[in-house]
Amino acid sequence: MKKLAVALMIFSFFFLNAKGVQALILPQVTMEEMIVKADTIVSGKSDHFHIHPDLEGNVLYAIITFKVEEYLKNNLQKEEIILMQVARERGPDGKLVAGPLALKIDEEVVLFLTEEDNQGFRHVLGLSQGKYTVSQDRKGERQLLQHLKDVRFFDKSTGEISDPKEIQVKLTYEEFRAIVRLATSRIKARKEIFTVLPENHS
């Protein structure tokens, strides 16, 4: 699981399209695949950022204290989770640009997270694909929104990379809860099917 999560997180990079606009390549995955691969899914807010440069100054990492409001998958029984994300990285022109994922202080979000790495940090799975912003509609109902611009998707089965796309996903918080419950129940069912029963030595 950890190798898959890290592969999803690492396989992303910026390139300049014909208009000179930076775009991002991400692996093409469904929401159910994201739910399956995530070690935990949480809602809450980023509380504190601490910026660390790498040794060569090409990347600035943000260490983030994330206050958990609700665990939607795999309750870790923790009120806070420590995350790491790329805050700035050097683009094709050599200048530091915003990283592929933006978390803001006090912004309510839902995050798909990897397992802890060997330094005790968790990462957002699939970068931009692993973040949904939480807001309220006019009736006060909580909504989840994901808006991705100038994104190319990598198809693992064919090796093809799509043309730049703009993706917008919108659903209610309760709809998302139901999707997570259904996906996790399928995971549990598969595990039960493939459980190896002990041999009967009688």
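Throughout what follows, the structure given in this document is the object of discussion.

Parameters at a glance
Residues numbered from 1 in each chain as written. Predicted model: local features only at pLDDT ≥ 70, side-chain atom pairs only at ≥ 80, totals over all residues. Heavy atoms only, no water. Helix = DSSP H or I, 4+ residues; strand = E, 2+ residues; numbered from the N terminus. Buried < 20%, exposed > 50% of the residue type's maximum accessible area, 1.4 Å probe, protein only. Contact = heavy atoms within 4.5 Å. Areas by Shrake-Rupley, 256 points an atom, 1.4 Å probe, with all protein chains shown as cover. Phe/Tyr/Trp six-rings, centres within 6.5 Å; stacked < 30°, edge-to-face > 60°. Salt bridge = Lys/Arg side-chain N within 4 Å of Asp/Glu carboxyl O.

**What about the overall build of the protein chain?**
Move 1: Secondary structure assignment for the protein chain yields three helices and ten strands.
Move 2: If you list the helices and strands of the protein chain from N to C, you get α-β-β-α-β-β-β-β-β-β-β-β-α.
Move 3: Buried residues in the protein chain amount to 41% of all 202 residues.
Move 4: The contacts in the protein chain between residues at least 6 apart in sequence include a share of 56% that link residues at least 24 apart.
Move 5: Roughly 12,200 Å² of accessible area belongs to the protein chain as shown, and the carbon and sulfur atoms make up 53% of that amount.

**Notes on the packing of aromatic side chains**
Move 1: Enumeration according to the criterion identifies three aromatic pairs in this entry.
Move 2: Judged by centre distance (5.9 Å) and plane angle (75°), the rings of F112 and F176 are edge-to-face. Taken together, the residues span a long stretch of sequence, with F112 in strand β7 (residues 108–113) and F176 in helix α3 (residues 173–193) at a distance of 64 residues.
Move 3: Relative to F176, the ring of Y132 has its centre 6.0 Å away and its plane inclined at 40°; by these criteria the two rings are tilted. Of this pair, Y132 sits in strand β8 (residues 131–136) while F176 sits in helix α3, and the two are 44 residues apart along the sequence. Each of the two residues, Y132 as well as F176, counts as buried.

**Here's the deal with the environment of L83**
Move 1: By secondary structure assignment, the location of L83 is in strand β5 (residues 80–90).
Move 2: For L83, a relative accessible area of 1% corresponds to the buried category.
Move 3: Between the alpha carbons of L83 and S46 there is a distance of 9.3 Å; along the sequence they are 37 residues apart.
Move 4: Those residues in contact with L83 that sit more than four places away from it in its chain are A62, I63, I64, F66, L103, L111, L113, F121 and R122.

**Some thoughts on the pattern of salt bridges**
Move 1: All chains considered together, the criterion is met by eight salt bridges.
Move 2: Across the pair K67 and E80 runs a salt bridge, and its minimum N-O distance is 2.6 Å. Of the two residues, K67 sits in strand β4 (residues 59–73) while E80 sits in strand β5, which places them 13 residues apart along the sequence.
Move 3: Its relative accessible area of 38% is what places K67 among the partly exposed residues.
Move 4: Residue E80 is classed as partly exposed on the basis of its relative accessible area, which comes to 36%.
Move 5: Across the salt bridge formed by R142 and E108, the nearest N and O atoms sit 2.2 Å from each other. Of the two residues, R142 sits in strand β9 (residues 142–154) while E108 sits in strand β7, which places them 34 residues apart along the sequence.
Move 6: Among the residues examined, R142 registers a relative accessible area of 22% and is labelled partly exposed.
Move 7: Judged by relative accessible area, E108 falls into the buried class, the value being 19%.
Move 8: Connected through shared salt-bridge partners, E69, E108 and R142 make up one network.

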